[in-house]
Structure formats: structure tokens, C-alpha cells
Amino acid sequence: MGMDALPRVLVLHGPNLNMLGQREPQIYGYTTLAGINAMLVALGQELGVEVETFQSNHEGELVSKIQAARGQAAALLINGGAYTHTSVAILDALLAADLPVIEVHLSNLYKREEFRHHSYIARAAIGQICGFGADSYLLGLRAAVNIIHRKQ
Ligand code: CA2
């Protein structure tokens, strides 16, 4: 058993995702954000990565967290919430972070309103997983770990 630190995956949740499980369960499911985070940490343990989670309703806080991840995290999983469809600032931060980015969404964006069909984040992401509810995050974490291992 080595003493090397495990690779870290940073999971970012954007605005309103703190409300999960409390409103609109028909769209976003019954799982709370704490529940999703716990499942991610448990899967991370299984897959040999440390999972750090962070939620913010503030665009600038998400930008700062992405900036700080450079050189600290091995990959970044992001559900940008509504900022997905609006934020060039988050896109620019992701491009500058020089990390593998995986975009996830609970709902299937392409079944929903036209304005949700476009993602700024997608330009910075290796790929996007959407439509599987909380499972989108777990699938995304698996993809992140595979990418990390291929790179090491
Ligand atoms: O499907 C997703 O994961 C979204 O990123 C969720 C965002 C939405 O703006 C994106 O288009 C798709 C909204 C998150 C709002 O979450 C809530 C959860 C419970 C109650 C109310 C809002």
C-alpha cells in the first residue's frame, strides 16, 4: 500500500441544485444533493479516487473554484445548472483549467425547452451525460476515472 494521495475528482453543482429532492421531483428526481454527493464519494472509494463536491448559486464562486482546481484535481465533473446555457465565464474558466471536464445533467436537455439545447460548457467538455437522473453523475464519475487512468 503506497502513501501516494489518490487522484482527486472535483464535482461542481451549479445554481438551484441545492433544492434537489425538495421541488420538481418529476423532472429532477427524489434524491437530494447530499444523497448524490454520498453516492459519488462511495463510488469514488470503490474506484480509487477522492471525490470533492461543491455547490454554489453564484457564477463567480464556481469560476473561482474551477480556477483553484488547476493542478489540484485530476478531472472535473460539472453540472452547471442554468449557467450551462448562459455562462461564457464558466466556459473560459474550464478552458483555462487544463483538466479533463465531463458535463452532466440530471434531465435530458434535448427533450426540454429549446434554450436548454445549447451548452456553453460542452465546448470545454470531453463529453456530456444527461437524462439519467442521479445516475448521470455516477456514469460521469466512471468516465472521469477511466480518463484519469488512461492518462497516468
Ligand atoms: O438537468 C439538469 O441537471 C440541469 O442542469 C438542471 C438545471 C437546469 O437549468 C438545466 O437546464 C438542466 C436546473 C437545476 C434546478 O434544480 C432544481 C432542483 C429541484 C427543485 C428545483 C430546481
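Given the structure is predicted, the values throughout are model-derived calculations rather than measurements. (Residues numbered from 1 in each chain as written. Predicted model: local features only at pLDDT ≥ 70, side-chain atom pairs only at ≥ 80, totals over all residues. Heavy atoms only, no water.)

**What about the environment of Arg116?**
Checked against the element boundaries, Arg116 lands in the loop between strand 4 (101–105) and strand 5 (127–130). With relative accessibility at 16%, the residue Arg116 sits in the buried group. Taking the C-alpha atoms as reference, Arg116 lies 24 Å from Asn37; in sequence the two are 79 residues apart. At a separation of 2.8 Å, a polar atom in the side chain of Arg116 contacts the side chain of Glu113. (Helix = DSSP H or I, 4+ residues; strand = E, 2+ residues; numbered from the N terminus. Buried < 20%, exposed > 50% of the residue type's maximum accessible area, 1.4 Å probe, protein only. Polar contact = N/O pair within 3.5 Å; in protein donor to acceptor, adjacent residues only side chain to side chain.)

**Considerations on the site of the ligand**
Surveying the vicinity of the ligand reveals 16 residues, the closest of which are Asn79, His85, His105, Leu106 and Ser107. Note that an oxygen atom of the ligand is positioned 2.8 Å from one of the side-chain N or O atoms of His105. Here Leu106 contributes a backbone N or O atom positioned 2.7 Å from an oxygen atom of the ligand. Protein chains bury 94% of the 500 Å² of accessible surface belonging to the ligand in isolation. For the shell around the ligand, the per-class residue count stands at seven nonpolar, six polar and three charged. (Near = heavy atom within 4 Å. Areas by Shrake-Rupley, 256 points an atom, 1.4 Å probe, with all protein chains shown as cover. Nonpolar A, V, L, I, M, F, W, Y, C, P; charged D, E, K, R; others polar.)

**What to know about the sheet that holds strand 3 (residues 75–79)**
Two modes of strand pairing occur in sheets, parallel and antiparallel, and in both the strands are linked by backbone hydrogen bonds. An order of 2-1-3-4-5 is seen for the five strands of this open sheet, with the pairing classed as parallel. What marks the edges here is a single partner per strand, and that holds for strand 2 (50–55) and strand 5. Within this sheet the neighbouring strands show an average axis-to-axis angle of 20°, counted without direction. Here strand 3 runs beside strand 4; their pairing, made up of three bridges, is parallel. (Pairing = 2+ DSSP bridges. Axes fitted to C-alpha atoms, helices over the stretch in contact; angles between N-to-C directions.)

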